[in-house]
Structure formats: structure tokens, C-alpha cells
Amino acid sequence: MTTYSNDSDENAFESIEVPIPRPVRFWIFLLADVPSVVCSFVLLIFFWKNHSARQTLNNHAVILILICGLGVELVDVPFHLAYIIDSGIVKPSTPATCLIWWLVTYGLFNGQQILLAWAAIERHILIFNARLMTTKRAQYCAHYLPLMVTFLYILSFYIYAVFIFPCENTFDYSLPVCNASPCYQNDSLMGMWDFIGNNIVPGLLITFVSIALLIRVVRQKQRLKQQIHWRKHRKMTVQLLLMAILSMVFILPLNLLSLAHLCGLPEEIGADEEQYLFYTAYLFIFLIPFVVLYSTSKLWATIKMKLLCSIHHRIGVHTINHATANTTRR
């Protein structure tokens, strides 16, 4: 979600909004955000109450990804909705509002990509080097420590970049995300590190590491012909691939277009497309909880069973009422 620029006069929104009518944006955001928030809470409650799911190593990165996404859905999206309701004015129109919005938009949004990149790498360890996780010490070194360091890095970098880095911010309360142009992005070192290290590299890692995982799983399945072994790791593989596909479809194009601009592509080329890509990137946030729900078989099976029971109950009640009505007429 970071647009890097060396020119302090450049900004992410080109001083205009995306040419999608505000009412359309409002209903898209609202109708997508509410079910996604509900799904995220259901998943987090499930992981909290289910000891087996909570202790499963591959779920830990997923839980952090859900928490980051929930932060965007509960802070960033409501800010967008309030902006539209208030006729295109950020309310309250204070620097604190913009700084919090930037922290969530960039920190949690990019944080999801960084965590997903680590999850992709960790899947290789969990599937093909499971022996490294046989002891508590090994689990701490190969799983818990890297995950904690990654999460602390995300929080530390963006808190420092948004709130502490010595530069002067300019806030435009007439544009979404206060014009989405925190001043640290104009610094040659901080801006480049954020754009390359926190955007481009995680996006490429997600793509190539996920493809490599699929190739390795298929080759091992064919070579060893162990159906049981495939079933053991199928859920982890499918879950990662589905999340990686969402990232490649909704996040990677925006990052690659921004990279092309950085490498010399004129800013006017793809400017309109960049506006749309900025908003379509939110589909990654909205869809991730449903991918996790689908790949969490125990919870998904329970929900399907309750839905089927509810449908059958309603059909049964309707049939009884209909039969009673016919009997009464007679």
C-alpha cells in the first residue's frame, strides 16, 4: 500500500479522488466490511476457545494476520465511511486522526503482507522439515522467535515512521486518508526501505515461495505416493495458496505499478489505474477471513451443520404450518 516518491510535492491521490461515486464506495465498503468483521471475530473466538487449534503452530501467523486485518476493518474502513458521510471531509480534522489513519493503513496493511510472507516460508519448514519442531527449544528458535521478531518489527517501524521520525507532515482533510502522504515516505532511506522492504520484497516472497511450496508438495506426493502424508499437510498448503492468490491478485499489481514508476515509468501512465488498485487492495482484507474460515475444517463443518439444521427446521415449520392451514380450511 506504500507509494514511494522522492518528490515531496507528489502524493498518492494526485489531489483528486478515485472516480468511483462516493455512495457506491460507501455501500461496497459497508457491505464487505461487516461480514468480514463478523467472520474475523468468529475465527478469533474459535482459536481462543479451541485448545488444539490454538496450539497448532501454523495457526499462529494466521491469527496475527487476522488481527491486523481486523484493525484495518475497525479503524481504516470506518474512517473512509465517515469521510464519505461528511461530504468528503476527514472528521475530526486533526493531525491525530490522520496519524492514526496512516498507522493503521500502512502499518497493519503492510504488516499483513510481511506476516503472510513469513507464513509462506514457515510452511516449508512445517511440511518438509517437521523434525526441526520436535522440541520446545527448536519450536522457540524456528517458530516463536521469528514470529515475535516479525510482529515487533512491524509495530516498531510504523510507530517510529509515523509518530517519531523527524519530518514535517502535511495533512489534507479534503482527501481520503488525509492524502495518504506521510512525510517519512519522502525520505530517501526510510521511504525506500518501506517501499522495497515492506512492500515489494514480501509480495515477491509470497508469490515465489508459495509456488515453490506447491511444486515441492506435488513432487513429493508423486514420488512417495503417500496419500496419507498429502492429507496431513493439504490444509496448510491449500490455506497458504488461497491467501497467496488473494495477495497476488489484489496487492501485487499496485506494488508493481508503483515500482515501475520508481524505475522511470512516467507518473501519468497508469495513474488512474493506481487509484482503482488502491481501493481493490481492500478486497484482500475483506476476503482473508473467509479463506481462513474455509480452511479451518472443524469450524467450517460446524457452521455448515448449523446452517443446514436451521434450513431444515424452517422447512419443517413451514410444512407443518401449511398442513395445519389446509386442515383448518377443511
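Going along each chain's sequence as written, the residues are numbered from 1 onward. Totals for whole chains, interfaces and linings use all residues, but because this is a predicted model, local features are given only for residues with pLDDT of at least 70 and pairs of side-chain atoms are given and counted only at 80 or more. Each side-chain value is worked out from all heavy atoms of the structure, with water and hydrogens disregarded.

As recorded in an unreviewed UniProt entry, the chain goes by the name G-protein coupled receptors family 1 profile domain-containing protein, listed as coming from Adineta ricciae. UniProt positions are given in the numbering used here, feature names are shortened, and annotations may be inferred rather than shown by experiment. Recorded in UniProt for the chain, the comment headed Subcellular location (unreviewed entry) runs: "Membrane".

**Student:** What is the right way to look at the UniProt feature "transmembrane region" (unreviewed entry) in the chain in this model?
**Tutor:** The feature "transmembrane region" (unreviewed entry), as annotated in UniProt, sits at residues 26-48, 60-79, 99-121, 142-165, 200-218, 238-256 and 276-296 in this numbering. Labels follow the DSSP assignment, with helices taken as runs of H or I lasting at least four residues and strands as runs of E lasting at least two, numbered in each case from the N terminus. Helix and strand shares over residues 142-165 are 96% and 0% respectively, and the end C-alpha atoms of the span are 32 Å apart. Segment residues 238-256 splits into 95% helix and 0% strand. End C-alpha atoms: 25 Å apart.

**Student:** Where do I start with the state of the cysteines in this structure?
**Tutor:** By definition, a disulfide is the covalent link that joins the sulfur atoms of two cysteine residues. Throughout, disulfides are identified as pairs of cysteine sulfur atoms within 2.5 Å of each other. The tally for this structure, following the rule as stated, stands at two disulfides. A disulfide bridge connects Cys-98 with Cys-178, and the sulfur atoms are separated by 2.0 Å. The sign of the S-S torsion, about -80°, decides the handedness of the disulfide formed by Cys-98 and Cys-178: left-handed. Remark: Cys-178 occurs in the loop between helix H5 (136-164) and helix H6 (188-224) and Cys-98 occurs in helix H4 (residues 95-128); sequence separation between them is 80 residues.

**Student:** Could you clarify how one ought to interpret helix H10 (residues 282-295) in this entry?
**Tutor:** How far a helix is expected to stretch is found by multiplying one less than its residue total by 1.5 Å. End to end, H10 covers 21 Å across 14 residues, agreeing with the expected 20 Å (1.5 Å per residue, within 8%). Here the bend at a residue means the angle between the axes of two seven-residue stretches, the one that ends at it and the one that starts at it. Largest kink in H10: about 30°, centred on Ile-288, with the proline Pro-289 one to four residues after it. Exposed residues in this analysis have more than 50% of their type's maximum accessible area, buried residues have under 20%, and partly exposed residues fall in between, with area computed by a 1.4 Å probe over protein chains only. Most of H10 is tucked away, with ten of its 14 residues classed as buried.

**Student:** Help me understand helix H8 (residues 252-262), please; the structure alone is not making it clear to me.
**Tutor:** Residue pairs three or four apart in sequence face the same way in an α-helix, which turns once every 3.6 residues. Considered for burial, the residues of H8 that qualify are Leu-252, Leu-254, Asn-255, Leu-257, Ser-258 and His-261. The first or second residue beyond H8 is Gly-264, which carries a positive phi of 125°.

**Student:** I would appreciate a short explanation of unusual backbone geometry in the present structure.
**Tutor:** For residues that are not glycine, phi is negative in most cases, and the peptide bond is trans in most cases. Residue Pro-92 is reached from Lys-91 by a cis peptide bond, and omega for that bond is -10°. Checked against the element boundaries, Pro-92 lands in the loop between helix H3 (58-85) and H4. One non-glycine residue, Cys-178, lies in positive phi territory at about 50°. Backbone geometry places Asn-179, a non-glycine residue, at a positive phi of 80°. Relative to the helices and strands, Asn-179 resides in the loop between H5 and H6. Asn-179 gets classed as buried once you look at its relative accessible area, which sits at 7%.

**Student:** So what exactly am I meant to see when it comes to the environment of Leu-126 here?
**Tutor:** Positionally, Leu-126 belongs in helix H4. Residue classification places Leu-126 among the buried residues on the basis of a relative accessible area of 9%. Taking the C-alpha atoms as reference, Leu-126 lies 9.4 Å from His-143; in sequence the two are 17 residues apart. Should any heavy atoms of two residues lie within 4.5 Å, those residues are counted as being in contact. If we skip the residues at most four places from it in the chain, Leu-126 touches Leu-57, Asn-58, Met-133, His-233 and Met-236.

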